[in-house]
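Results of the structural survey
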Amino acid sequence: MNSTLRRTWAEIDLDALTYNYQTIRRKIGKDVRFLGVVKADAYGHGSVQIGRKMQELGADYLAVSSIDEALELRNAGITMPILILGHTPKEQVDRLICFNITQAVTCEAKAREYSAEAVKYGGTLKVHIKVDTGMSRLGYICEGDYFEHGVDGIALACNLPGLDAEGIFTHFAVSDEPGEDCEEYTKHQFQLFRDVICAVEEKMGRSFRIRHCANTGATVRYPETYLDMVRPGLLLYGYGEFARQWGLRPVMSLKTTVSTIKIYPKGTKISYGGIYTCDQTTRMGVVPYGYADGFFRTLSNRCSLYTGEGLCPQRGKICMDMCMIDLTGKNSVDVGSEVEIFGSHQPVEVLADLAGTIPYEIVCAVSKRVPRYYLENGNVVEKELMLRF
Ligand SMILES: *Cc1c(COP(=O)(O)O)cnc(C)c1O
């Protein structure tokens, strides 16, 4: 990769993405639609490039978290259906309609606001009703004593002028967690979701065109929850235990290079705070990857990076723009040598576990300073640098 951008970079393997998409598609069967979740810049992979690929591959829907994320896709020429999972201010309803963007409706107040704005604008807003079946975040509460009230509210929303209730959905809280309790909880959520759909459809005398609830965990563990469409994010990008179970491939590899190598005598303290002391003559490499690039400072002195001679322990506090790795005895690793932070040799899950977090957070944290290289058939087909210069 001959470029001035060769500092720290992310390689996005579009072939892996294609493979993952096609594998998931085959597993879910031809009657189930596929929504790809591309919120948060497609989990750090670049929502425009991922969205474009999804459209090219024939996915049915994309989902984002906000109108800004949706418009970014529309501005990039992506014409397929897009669902906004989060809140959109009512002042933006005209833009939603104008750009043919589907909006989640999460409560009666918003349904009424959206309806009034759509009528004022003289258009129809496509909406998906969000049901809270136990995630306790967004959506119509329908649990227990709230059931009738929830069902009435949803039916009311569906019949408001200016709204086209194309779909209905819910979100699972523990579909990716092991254990009987979680299984029971998920099954209860799904049953409640079905009961709500049934009651609303009966009340309205018509049915929803797209009912969906299966996130990554449910897509792999609960095929009975597919209904009309699955809605995975992480699975598509190939991380986590469920991706492994289905033999999917990680889409992102994060790489850097050795920028400097120095030899320190035994007893030398390394980096801020001097938390690491060399216990022998040490050949220490500096790599230009720090917490401003998305490295977790909490991993300081507790992780390793992968070089041509295997894993090298990271030493001392991770700084904003760089960190040190121990290259003692690994003499073929030189200035300019490539270092894998995570990827095919060191799965992102390893770093996530060490940091006490989930792969989602690690890939989302890769900052805008890190250029993304898009690879197809081993060739770079596109570069994205999110800095202006
Ligand atoms: C983020 C999100 C998803 C995707 O979750 P994964 O665990 O990545 O599959 C699905 N549905 C909703 C509502 C979400 O917010």
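Source: prediction; values computed, not measured.

About the criteria used
Residues numbered from 1 in each chain as written. Predicted model: local features only at pLDDT ≥ 70, side-chain atom pairs only at ≥ 80, totals over all residues. Heavy atoms only, no water. Buried < 20%, exposed > 50% of the residue type's maximum accessible area, 1.4 Å probe, protein only. Helix = DSSP H or I, 4+ residues; strand = E, 2+ residues; numbered from the N terminus. Near = heavy atom within 4 Å. Polar contact = N/O pair within 3.5 Å; in protein donor to acceptor, adjacent residues only side chain to side chain. Areas by Shrake-Rupley, 256 points an atom, 1.4 Å probe, with all protein chains shown as cover. 1 Å grid on protein atoms, 1.4 Å probe; cavity = no way out; pocket = protein on both sides within 12 Å on 5 of 7 lines; lining within 4 Å. Sits in = over half its atoms within 2 Å of the grid points. Nonpolar A, V, L, I, M, F, W, Y, C, P; charged D, E, K, R; others polar. Phe/Tyr/Trp six-rings, centres within 6.5 Å; stacked < 30°, edge-to-face > 60°. Lys NZ or Arg CZ within 6 Å of the ring centre and 35° of its normal. Domains from an automatic or database assignment. Contact = heavy atoms within 4.5 Å. Buried area = accessible area lost by both parts, 1.4 Å probe. Salt bridge = Lys/Arg side-chain N within 4 Å of Asp/Glu carboxyl O.

Bringing helix α3 (residues 47–57) into the picture now. Every buried residue of α3 is listed here: S47, V48, Q49, I50, G51, K53 and M54. Note on α3: the residue one or two positions beyond its end, G58, has a positive phi of about 95°.

Further remarks concern the site of the ligand. What surrounds the ligand is a group of 13 residues, the closest being K39, Y43, T216, L234 and Y360. Here an oxygen atom of the ligand sits 3.5 Å away from a polar atom, N or O, in the side chain of R137. Within the backbone of G233, a nitrogen or oxygen atom sits 2.8 Å from an oxygen atom of the ligand. Taking 390 Å² as the accessible area of the ligand by itself, protein coverage stands at 92%. Assessed atom by atom at 2 Å from the grid points, the ligand resides in the largest pocket. For the shell around the ligand, the class distribution of residues is 6 nonpolar, 4 polar and 3 charged.

The relation between two aromatic rings is expressed through the spacing of the ring centres and the mutual angle of the planes. Per the counting criterion, the structure on display carries 5 aromatic pairs. Here W9 and Y373 contribute two aromatic rings whose centre-to-centre distance is 6.4 Å and whose plane-to-plane angle is 75°, an arrangement assigned as edge-to-face. Within this pair, whereas W9 is found in strand β1 (residues 8–13), its partner Y373 is found in strand β20 (residues 372–376), the two being separated by 364 residues in sequence. Each ring, one from Y21 and one from F34, has its centre 4.9 Å from the other, and the planes form 80°; the classification is edge-to-face. Of this pair, Y21 sits in helix α1 (residues 14–28) while F34 sits in strand β2 (residues 33–37); the two residues are 13 residues apart in sequence, bridging distant segments of the chain. Of the residues examined, Y21 reaches a relative accessible area of 3% and is grouped as buried. Seen from the ring of Y19, R249 lies directly overhead, with NZ or CZ sitting 5.4 Å from the centre.

Turning to the domain arrangement of the protein, a few remarks are in order. When its domains are assigned, the protein resolves into domain 1 (32–236) and domain 2 (252–384). Relative to domain 2, the C-alpha centre of domain 1 lies at a distance of 38 Å. Facing 9 residues of domain 1, the contacting portion of domain 2 comprises 9 residues. Carbon and sulfur atoms make up 53% of the area that domain 1 and domain 2 hide from each other, which totals about 930 Å². When residues of domain 1 are sorted by the area they lose upon contact with domain 2, H45, Q49 and L234 head the list and together hold 50% of the total. Counting every contact that joins domain 1 to domain 2 gives 2 salt bridges. Across the pair K53 and E376 runs a salt bridge, and its minimum N-O distance is 2.5 Å. Remark: the boundary between domain 1 and domain 2 carries 7 residue pairs in polar contact (both at pLDDT 80 or more). Contributions of two or more residues to the side of domain 1 that touches domain 2 are made by α2 (39–43) and α3. Top element by residues in the side of domain 1 that touches domain 2 is α3. It accounts for 3 residues. Tallied by class, the residues present in the side of domain 1 that touches domain 2 amount to 3 nonpolar, 4 polar and 2 charged.

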